[in-house]
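Observations on chain architecture
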Amino acid sequence: MTKSTAAHYPNIAQSFGITGIVVLATLVFSPVLLLLNELIGEEASMLLYYILAVGLSFWLVCSIRKSKTSRCSFNLSIENKRTIPWVVIGTIALLFGVISPISSLIPMPESLEKAFMDFGSQTGVFAFVLMVIAAPVLEELIFRGIILDGLLKQYSPIKSILISSLLFGLVHLNPWQFVTGFIIGIFSGWVYYKTRSLSLAIVIHASANISGYIARHFIDIEASMDETLTEAYGRPTNLALAISGAVVVVGICTYFLHKEFQKQLPPEDLPRPTEQIFPADTPLPADSENSAQ
């Protein structure tokens, strides 16, 4: 059912436009990455490049949102703290038991293997800040805090979650990260729909990324590129047990999250305190609402 209102932003077409803005910004700022590599190193330059490209995209999209709706505030509160461990465990199980097996089925050209190995070998503090702080915060602000939040006001929850997850996967511009973005996006979108808490979405994203960051310290990236998932687990039985166990864990976490969500008010009635992302002196139109929608 559609409940379209001019005061709501974005709709589906505008959501694709927002994704286009992010992709365009990453392309426009790519020369900055090349220039800074020699000056401050690959990890620091990647972090700075990401903040410039995605941070500017967020500022622009949030400005558009505020001009259309007179607000750009986000709910960063977590009403039920008991949900935190369940979303963390569920995310990790989903990543290793569902997403990794699916991604491993997609062949990777040799031309891209080096790029993935170079990025996968980054294990310093700048890589940590990028993966565990900058990316979860900025991307969730855009894809859950703005896109999904706006879609939920106009379309059904299933349609809104699927579209925002599709766009979140597409923005990564490769099929391997698309799988991760799409599936994690569905889980994160469901949690956001039930709680309207952007912080929980950030926790989910950060949990997935920190799992990958930690794995970098224990996995030979170059060797892993040349072996199948079955070879990585030793034998098919081990792989089947790992996947089955992870699916069971995801199911248990989802069940307990569902039970916790039932104790809360319906999404449309949840109290929604706001946290202003822009400081008071940011030159944007005055906010006419005191609570996030």
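Parameters and conventions
Residues numbered from 1 in each chain as written. Predicted model: local features only at pLDDT ≥ 70, side-chain atom pairs only at ≥ 80, totals over all residues. Heavy atoms only, no water. Patch = residues over 30% accessible without salt bridge, like charges linked within 9 Å, V, L, I, M, F, W, Y side chains within 5 Å. Areas by Shrake-Rupley, 256 points an atom, 1.4 Å probe, with all protein chains shown as cover. Salt bridge = Lys/Arg side-chain N within 4 Å of Asp/Glu carboxyl O. Helix = DSSP H or I, 4+ residues; strand = E, 2+ residues; numbered from the N terminus. Buried < 20%, exposed > 50% of the residue type's maximum accessible area, 1.4 Å probe, protein only. Expected span 1.5 Å × (residues − 1). Arc of directions from axis to C-beta. Contact = heavy atoms within 4.5 Å. Polar contact = N/O pair within 3.5 Å; in protein donor to acceptor, adjacent residues only side chain to side chain. Phe/Tyr/Trp six-rings, centres within 6.5 Å; stacked < 30°, edge-to-face > 60°.

Taken together, L39, I40, L48 and L52 make up a surface patch of nonpolar side chains, about 360 Å² in accessible area. Secondary-structure elements contributing two or more residues to the nonpolar patch are α2 (30-40) and α3 (42-69). Along the polypeptide, L52 turns up in helix α3.

Let's shift gears to the pattern of salt bridges. According to the stated counting rule, one finds 5 salt bridges in the structure shown. Between E140 and R144 there is a salt bridge, and its shortest N-O distance comes to 2.7 Å. One end of the pair is E140 and the other is R144, both in helix α6 (residues 125-152) and 4 residues apart, which spans about a single turn. Both residues of the pair, E140 and R144, count as buried. When the shortest N-O distance is used, the salt bridge between D149 and K153 registers 2.5 Å. Taking relative accessible area as the criterion, K153 reaches 15% and is therefore assigned buried. Through salt bridges with shared partners, a single ionic network connects R65, D149 and K153.

As a further point, take helix α1 (residues 12-28). Taking 1.5 Å of rise per residue, the 17 residues of α1 would be expected to cover 24 Å, and the 24 Å separating its terminal C-alpha atoms lies within 8% of that figure. Those residues of α1 not exposed but buried are S15, I18, T19, V22, V23, A25 and T26. Buried residues of α1, viewed axially, fall in a sector of 160°; they line one side. Facing away from the buried side of α1 by more than 90 degrees, the exposed set consists of A13, L24, L27 and V28. Those residues of α1 that are buried are in contact with α2, α3, α6 and α7 (157-170). The N-cap of α1, judged by a side-chain oxygen 3.2 Å from the amide nitrogen of A13 a few residues on, is N11.

On to the packing of aromatic side chains. Taken as a whole and judged by the stated rule, the model has 8 aromatic pairs. The interplanar angle of 5° and the centroid separation of 5.8 Å between the aromatic rings of F178 and F182 together place this pair among those described as stacked. Here F178 and its partner F182 are both found in helix α8 (residues 175-195), 4 residues apart, which amounts to about one turn of the helix. For F178, a relative accessible area of 26% puts it in the partly exposed group. With centroids separated by 5.4 Å and ring planes inclined at 80°, the aromatic side chains of Y255 and F256 adopt a geometry described as edge-to-face. Under the relative-accessibility criterion, Y255 is labelled partly exposed at 47%.

Our next topic: the environment of K81. Considering the arrangement of structural elements, one finds K81 in the loop between β1 (73-74) and α4 (83-104). Separated by 119 residues in sequence, K81 and L200 have C-alpha atoms that sit 9.5 Å apart.

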